[in-house]
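# Chain and residue survey
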Amino acid sequence: PAVCYLPCPPGGPVFTALVDTGCSGRQLSSYAFGDARGKLGVFGGLDTSDTRSGDTLELDAMTKTFLVRTPQIAPTARYAASAAYDAKRNVVVLFGGSDASGSVGDTWTWDGDRWRAMSPAMAPSPRIHAEMTYGSTRKRVLVFGGRSARGWRAELWAWDGATWKGLHPPTPTPAQERPKLAED
């Protein structure tokens, strides 16, 4: 059978092969590990025929199985969106990506049962391939870069649970193709 991979805890093997229960061949999906619930959330991506997916999957690390979730409301099918777990609010935040209309700039949250479309007063421009992480020191989600209609971006934004705020670090980072981001 096809396999999906789950990162293992420190000190364990690098990867554990899992029997595929719905993610085989998927690429450019959004995923985030929800610490409080112990689930790896996976949303969207492209399937093996390059068709956009709009499904929500959760991987239970203990049972090593995927559960297909079927919320009544969900983001549009998309690929290359950004996602991170917001530990302060106990939700996964999803931003951007590319749906059937092109690049989008919407923000959604997933609490393990339902998706909520957020209506922030400010937001980054629509983009794909941005990098997202949670900053535990200031308790906010950060998003950096990505590709918009104007090319690769070097912007840093923070999500506080209600809106996005553009940040302006003293030493700007240059625009990069598919950057990586972590809190220091």
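In short, a report on the structure. Since the structure is predicted, the reported quantities are computational estimates derived from the model, not experimental observations. (Residues numbered from 1 in each chain as written. Predicted model: local features only at pLDDT ≥ 70, side-chain atom pairs only at ≥ 80, totals over all residues. Heavy atoms only, no water.)

## Details of the overall build of the chain
Within the chain, the regular secondary structure consists of 0 helices and 18 strands. Considering the chain as a whole, with its 184 residues, one finds that 42% of them fall into the buried category. When the accessible surface of the chain is totalled, it reaches about 10000 Å², and 54% of it is carbon and sulfur. (Helix = DSSP H or I, 4+ residues; strand = E, 2+ residues; numbered from the N terminus. Buried < 20%, exposed > 50% of the residue type's maximum accessible area, 1.4 Å probe, protein only. Areas by Shrake-Rupley, 256 points an atom, 1.4 Å probe, with all protein chains shown as cover.)

## A word on the sheet that holds strand β5 (residues 52-60)
Spatially, 4 strands are ordered β3-β4-β5-β6 in an open sheet, and the strand pairing comes out antiparallel. Unpaired on one side and paired on the other, β3 (30-34) and β6 (65-69) mark the two borders of the sheet. When the angles between neighbouring strand axes are averaged without regard to direction, this sheet yields 25°. The pairing of β3 with strand β4 (residues 39-46) spans 5 bridges and is antiparallel. Each bridged residue has a counterpart across the sheet, and for Phe 33 the counterpart in β4 is Leu 40. (Pairing = 2+ DSSP bridges. Axes fitted to C-alpha atoms, helices over the stretch in contact; angles between N-to-C directions.)

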